[in-house]
There are 4 protein chains.
Amino acid sequence: MIIVFKPNTSDEDIKFIENKVIEHGYVPKLIHGESRTVIGAVGDETMHESLEMLQTLPMIEKVIPIQKRYKLVSREYHGDPTAFAVGAGNMIGAGDFLMIAGPCSVENREQLDTATRDIVASGVKVLRGGAYKPRTSPYDFQGLGQEGLDLLQEMKDKYGVAIVTEIVGVPHVEDVAAVADVLQIGARNCQNYHLLETVAAVNTPVLLKRGMATTVQEWLAAAEYLIVHGCERVILCERGIRTFENATRSTLDLSAVAVAKRETHLPVIVDPSHAAGRVDLVLPLAKAAIAVGADGLIVETHPTPAEACSDAAQQIPSADFGVFMDELRPLIDLCCRKPAQ
Amino acid sequence: MIIVFKPNTSDEDIKFIENKVIEHGYVPKLIHGESRTVIGAVGDETMHESLEMLQTLPMIEKVIPIQKRYKLVSREYHGDPTAFAVGAGNMIGAGDFLMIAGPCSVENREQLDTATRDIVASGVKVLRGGAYKPRTSPYDFQGLGQEGLDLLQEMKDKYGVAIVTEIVGVPHVEDVAAVADVLQIGARNCQNYHLLETVAAVNTPVLLKRGMATTVQEWLAAAEYLIVHGCERVILCERGIRTFENATRSTLDLSAVAVAKRETHLPVIVDPSHAAGRVDLVLPLAKAAIAVGADGLIVETHPTPAEACSDAAQQIPSADFGVFMDELRPLIDLCCRKPAQ
Amino acid sequence: MIIVFKPNTSDEDIKFIENKVIEHGYVPKLIHGESRTVIGAVGDETMHESLEMLQTLPMIEKVIPIQKRYKLVSREYHGDPTAFAVGAGNMIGAGDFLMIAGPCSVENREQLDTATRDIVASGVKVLRGGAYKPRTSPYDFQGLGQEGLDLLQEMKDKYGVAIVTEIVGVPHVEDVAAVADVLQIGARNCQNYHLLETVAAVNTPVLLKRGMATTVQEWLAAAEYLIVHGCERVILCERGIRTFENATRSTLDLSAVAVAKRETHLPVIVDPSHAAGRVDLVLPLAKAAIAVGADGLIVETHPTPAEACSDAAQQIPSADFGVFMDELRPLIDLCCRKPAQ
Amino acid sequence: MIIVFKPNTSDEDIKFIENKVIEHGYVPKLIHGESRTVIGAVGDETMHESLEMLQTLPMIEKVIPIQKRYKLVSREYHGDPTAFAVGAGNMIGAGDFLMIAGPCSVENREQLDTATRDIVASGVKVLRGGAYKPRTSPYDFQGLGQEGLDLLQEMKDKYGVAIVTEIVGVPHVEDVAAVADVLQIGARNCQNYHLLETVAAVNTPVLLKRGMATTVQEWLAAAEYLIVHGCERVILCERGIRTFENATRSTLDLSAVAVAKRETHLPVIVDPSHAAGRVDLVLPLAKAAIAVGADGLIVETHPTPAEACSDAAQQIPSADFGVFMDELRPLIDLCCRKPAQ
């Protein structure tokens, strides 16, 4: 930590702060600058208490952290990329690219079966589909709940797909985990730490979406919660952030993918469907995500988007999903170390 | 809803959409424009299904909602301002201004007792204090939990203050509700709909903070969840949004207070402490909040901010709280219909 | 400047950087931390070259400036608030509150005369009105140009008002300065440094609007350009920033007013009309601006807003301006050191 | 335009608005909805006056434009992609990919000569370099001015490269245009309409960077200014927008590239250097830009970045530029219709 004093601070006040620094377990190193005095507080900031509360004192101008507030997710702590299987043999990380696809919501057996059949025919082995849906309006479709989970289990049994599905509340954890190969934490719950802790304890892989106003630092700190509480198989998912631009639903932040790939050893995937909010942009954004170095994609597809219960505008007709995959494959082959699935 | 076709859409495609509109319970009204055809879909959009999924069809350029996606919170539905008591006789709404103060976190008996004594001496009758704290890093202080709730109960018994405290997870609802006069939903949980539904069922007043990337529309839709699920006594709280500006922790959006006061009948208060993130701005922002028409304030104060476990930089020393209140009172008297408490 | 090395940097690399620091005129002070080594580079950062280019070297993690990049605008350099007259005897700063009002654009003699008459009758002595308008679409009304300036001169002669008008291009500087008592730099030109330099040379007071994506630091650095190039009478004007919220045209950032009042000695005013973009919010936001400590307001008013050539939705009918002022006066009296004009 | 009335508007008020709509040259079409009445105002909104000023009237809830506020830049108006040469034979658009590279600022002959030699050796034929630099602080290096232009001319003569250089003020237009093959409008001047009009009149190709808070709609409207004032050869350049995220200097908005490619016939390129602000992200972002469908890139490279006068942290060492290009070429070959230069 660097502690910057206001100009003309008395020696007495500086001494007082030096003692505070020592009290908190750091070693103070004093630098007298041109117009300001600075203390370098030496110690491990990651696991230690922050000194930022000193900022409140009248003689302090600011306190600047030097280290990040996470450790277990960092490349410094764990140099090699983390890789693991989703379901039976669908590897992600360390050069393996994972494609996840399916409808936004599970709506009924026919819809889910058609979508699953279509993605499987396109070579995709991991199905997404929401049984519990967080919706902005209480009057919108809220998901089928347990009935949706049962339908996902049917698809798993029939097509051998692995399942990714969202978890929105602690009481559903057990039931969702009974079906899911990956537990999805949605953007609105990215910093719902209570949910993160509970989900982490299950020890199923977790897909952690970045929140709409979550910095990369906060996103990684949320992933740190997961690891601290027992989940080592975490997939980070960038899905767009809130900005002033309204040509798209969110602004896909592919720089964040590149930053996260450098900062952490965890696999990072991209959701171009929610970011765009419109189907015509899903293909170019999916390509950009592959090129920037993502370890996978999660894409929405639906047999009849115009009849979808949620997020209709961004779902690819599942009959066209094969063509979509054909467009992506050469790029996956070029950009990933190992060939596309 | 207004449905805008792409230029040169065939009559057949227009007919197809007209039928879709009818299927969803709306009456289609056709307008042929200069370069585009438009359908006005007549019907109650609030409680009805949205037609936005039509946007996915190739002949549609966009679908524009006319009505908002909430009803019970709106002034259109409920013209008079909602007013109610917090604890015994501390009214909020319809001209009554409510001041809430206290430390960010409950840390120990001495800290909480001093803070409470100081705010009560300043004329404040509602105490805030976090027993469960959502923190960005898993290595930061997470709150005292049940021990914190017990200390809040002690203050209630000793000083007669009403209690506002945050709820971060469904399993704590019962215990928190046993102590709290107002259940606080924090910014990170503003769109945690599962938590909102559970908390609403308790029928204790709820203070709903706006999320960091939540639009006013989404914030009001979150309040709609509370009313739909049984909680009629909702306090909205603006606490700053995420923007590019970093001179302050968040950007306090006082326009949102003015907008919310026009759109809804619910009381709206402001948290200048979290917005600013620095103590020197709390007074001017508190004044601005009163002037813009807020129904109350929630302000952080601590006996010794430089030793606080969380958010130290933004807490007013509680010994100075009387002076702070003295600065605000003339403004409250001028701007509220009824005199300050 | 604080220079942070990556973990495990060699002594040779640290020595190399120490020499670089010395080359640039700073004195290096070394601190060996827990996981990282840090150099404190001592020297006056304000007028010196930045060391941020060192960030590009492979052994450097980051370079953190300690001082701000402006000097002449700062309170550290100039402790007392700057105050000056706009036109004849309309003081601003150091407790004097200045009200500026008038139509968005000058449209014709009748419109401008009615608006001027109405604001003068309300006690306002400074008229705003655009002769040159920066408009998003080339098909929108671009202002009357010289004819508009002539009409402003007529009002000055007839009513004795001082004139504030915008300057959008270097070729107009002389003609605008012949009429204007204050030269306005609009939000889109806040960082048009070439225009700032040219306008500063005229030595007429300048009203510098904050850009829509300009941080407070950058805004003050833009003001530093004005002072460096000869203009000492600068008025800062907050008019809202771009955020994700669309209930208002921009998000009025009143914290920025409070920050600017602390950082600089210059007067700071607020434009609630452009921020809100809707007339019903202008009064509450004007009140909030006064309460937060602004030194003045610039408000749009028009005889017949529904016929305005630009920004119609945010202009107060000028016949109602007296009522508007009556609402503000008690607050100005309460919040400013000297009574309202 | 769609004009939405407030609930319970009288027939008289509706009649009044119908007449207003007719006065402005539109044909009103009335729809009586469930809770609101709506007028569809039929007419060409692009070239016509907006009706948004009606929003100011007490009976109007909102006015919603249906068409965009630009025409000449749109695909609707001009279906085929625009393609043209930059300098002698360096095509851009319609499948031709253009690479532009060079230092942020022209600093001296040796620096510029080395950078030019290195990019030419890497197969790049278009040199960028700033002679006039818009800098946030008046104490930062402001560019060599005419001396910089002379050095760019030397490189043109010696290496046969085409020149892209920024123009920051109207008085420099002639001198810059004498050297430049493409006139660059920087992000801070994207909505400096006066400069756009002057530059457009020269009839040299213009590279228009998107402003930091400019929506895609506003960016295209700025390009419309260029075409309206005589410049048909416009290159759009996305360079990142301002958001809350600070891991990167700006947030590169690649969705905006995909949107702009659909909305307009103009070529769209990407500046990954300014967006990232750090050299380690330039390669992945450049790849993503190619994959999303950009028509070219503008990348910063410098012989010795650690000694650069501006933006050091984001410049690739020019000795490494050949390796950088080798990484991009297979992707350009895959994603563009025609092979990379």
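Up top is the structure these notes are about.
Since the model is a prediction, treat every value here as computed from it, not as a measurement.

### What about the overall build of chain A?
So, step 1. Looking only at helices and strands, one finds 10 helices and 15 strands in chain A.
So, step 2. In terms of principal-axis extent, the alpha carbons of chain A reach across some 75 × 45 × 40 Å.
So, step 3. Long-range contacts, defined here as pairs at least 24 residues apart, represent 63% of the contacts in chain A between residues at least 6 apart.

### Let's talk about the pairing of strand E12 (residues 234-238) of chain B
Residue and element names in this part refer to chain B.
So, step 1. Where burial is concerned, most of E12 is hidden: five out of the five residues are buried.
So, step 2. Side-chain alternation along E12 places Val234, Leu236 and Glu238 on one buried face and Ile235 and Cys237 on a second face that is also buried.
So, step 3. Note: strand E11 (residues 206-209) against E12, four bridges, orientation parallel. Of the residues in E12, the one forming a bridge with leucine 208 is leucine 236.
So, step 4. In this region the chain leaves E11, passes through helix H6 (residues 216-228) and returns to the parallel neighbour E12; the handedness of that crossover is right-handed.
So, step 5. Sheet analysis places E12 next to strand E13 (residues 268-270), joined by three bridges and oriented parallel. Bridging from a neighbouring strand, glutamate 238 pairs with valine 270 of E13.
So, step 6. A crossover links E12 with its parallel partner E13, the connecting element being helix H7 (residues 254-263), and its sense is right-handed.

### Considering the relation of the copies chain C and chain D
So, step 1. Take chain C, turn it by 180°, move it 0.0 Å along the axis, and it overlays chain D with an RMSD of 0.0 Å. Both copies of the chain, as the preceding transformation shows, are related through a two-fold rotation axis. The C-alpha atom lying nearest the rotation axis in chain C is that of alanine 213 of chain C; the distance is 2.7 Å.
So, step 2. Of all interface residues in chain C, 100% are interface residues in chain D too; the two copies therefore contact each other through one and the same surface.

### Some thoughts on the packing of helix H7 (residues 254-263) of chain C against helix H9 (residues 282-292) of chain C
How two helices pack is summed up by the angle between their axes together with the distance between the axes.
All names here are of chain C.
So, step 1. Packing of H7 against H9 brings their axes to within 10 Å, and their N-to-C directions diverge by 25°. Taken together, H7 and H9 sit at an angle that is classed as roughly parallel. For the pair H7 and H9, the crossing hand works out as right-handed. Contacts between H7 and H9 involve Leu254, Val257 and Ala258 on the former and, on the latter, Ala288, Ala289 and Val292.

### A few points about the interface of chain C and chain B
In many analyses, interface size is given as the accessible surface area lost on bringing the parts together.
So, step 1. Taken together, the contact pairs 34 residues of chain C with 34 residues of chain B.
So, step 2. Of all the secondary structure elements, the ones that give two or more residues to the side of chain C that touches chain B are H7, helix H8 (272-276), H9 and helix H10 (321-335) of chain C.
So, step 3. Take the side of chain C that touches chain B: its biggest share by element is seven residues, from H9 of chain C.
So, step 4. Looking at the side of chain C that touches chain B, its residues break down into 22 nonpolar, seven polar and five charged.

### Concerning unusual backbone geometry
So, step 1. Not every positive phi belongs to a glycine, and alanine 94 of chain A is a case in point at roughly 55°.
So, step 2. As for its position among the elements, alanine 94 of chain A is in the loop between strand E6 (90-92) and strand E7 (98-102).
So, step 3. Positive phi is not limited to glycine here, since asparagine 203 of chain D has a value of about 65°.
So, step 4. By the element assignment, asparagine 203 of chain D lies in the loop between helix H5 (193-200) and strand E11 (206-209).
So, step 5. Given 13 C-beta atoms within a 10 Å radius, asparagine 203 of chain D is considered partly exposed.

### Some words on the sheet that holds strand E3 (residues 37-42) of chain D
Residues and elements named next belong to chain D.
So, step 1. With antiparallel pairing, four strands are arranged side by side in an open sheet as E2-E3-E1-E4. Bordering the open sheet on either side are strand E2 (27-32) and strand E4 (60-64), each of which pairs with just one other strand. Across this sheet, the average inter-strand angle for adjacent strands is 20°, counted without regard to direction.
So, step 2. One ladder, built from four bridges, connects strand E1 (residues 2-5) with E4; its direction is antiparallel. The residue of E4 that forms the bridge with isoleucine 2 is isoleucine 64.

Cut-offs and rules
- Residues numbered from 1 in each chain as written.
- Chains lettered and ligands numbered in written order.
- Predicted model: local features only at pLDDT ≥ 70, side-chain atom pairs only at ≥ 80, totals over all residues.
- Helix = DSSP H or I, 4+ residues; strand = E, 2+ residues; numbered from the N terminus.
- Contact = placed C-beta atoms within 7 Å.
- Buried ≥ 20, exposed ≤ 12 C-beta atoms within 10 Å, placed from the backbone.
- Pairing = 2+ DSSP bridges.
- Right-handed = clockwise from strand over helix to strand, strands pointing away.
- Least-squares fit on C-alpha atoms with pLDDT ≥ 70 in both.
- Axes fitted to C-alpha atoms, helices over the stretch in contact; angles between N-to-C directions.
- Parallel < 35°, antiparallel > 145°, perpendicular 65-115°, else oblique.
- Left-handed = near helix turned anticlockwise from the far one by under 90°.
- Nonpolar A, V, L, I, M, F, W, Y, C, P; charged D, E, K, R; others polar.

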